[in-house]
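# Secondary and tertiary structure notes
Here's the letter readout for the chains.
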Amino acid sequence: PQMQHIPANNTHQLKSPKILIKQGGQPDWKIEANHATAIHGGEKINFLGHVVVHQDEKGNSLNTEKLTYYTNEKLAISLTHVLFKQPGSIVHSKGMRAYLDKKHIQLLSQSHATFEPHDA
């Protein structure tokens, strides 16, 4: 990973960022991408290119090409195609809002899913 600081708006350009989001009492989330721009010291982070949001312990992951993460709200938003995987299902959607601290994902449009139940 590489980082370049730009004084305007306290901006950081990141190459191959890997960001860990820790939440007390909950499994951590990881966000990785090809590039990112952190604005105002990281209050808002724009991820671009092969964006993966993953929660190892739960097996949940989101894949998209563009994602904006608001650190104070723990809110991730994408307006592009999203592939959401969790054990037993795969969901495709155009756009989503993920409230990571509340474990709530809102799919915005054109959503469809494939369910693969686990053997009992």
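Refer to the structure above for everything that follows.
Residues numbered from 1 in each chain as written. Predicted model: local features only at pLDDT ≥ 70, side-chain atom pairs only at ≥ 80, totals over all residues. Heavy atoms only, no water.

On to the environment of Asn-46, then. With respect to the element layout, Asn-46 can be found in strand β6 (residues 44-55). Under the relative-accessibility criterion, Asn-46 is labelled partly exposed at 25%. Between the C-alpha atom of Asn-46 and that of Asn-9, which follows or precedes it by 37 residues, the distance is 14 Å. Filtering out sequence-adjacent residues up to four positions away, Asn-46 remains in contact with His-35, Ala-36, Thr-37, Ile-39, Leu-67 and Thr-68. (Helix = DSSP H or I, 4+ residues; strand = E, 2+ residues; numbered from the N terminus. Buried < 20%, exposed > 50% of the residue type's maximum accessible area, 1.4 Å probe, protein only. Contact = heavy atoms within 4.5 Å.)

Here Gln-106 lies in strand β10 (residues 104-115). In this structure, the C-alpha to C-alpha distance between Gln-106 and Met-96, residues 10 residues apart in sequence, is 5.4 Å.

Pairing analysis gives 5 bridges linking strand β3 (residues 18-23) to strand β4 (residues 26-32), with the strands arranged antiparallel. Residue Gln-23 lies in a different strand from β4, and its bridge partner there is Gln-26. As defined by bridge partners, β4 adjoins β6 across 3 bridges and the pair is classed as antiparallel. Along β6, the bridge assignment pairs Lys-30 with His-54. (Pairing = 2+ DSSP bridges.)

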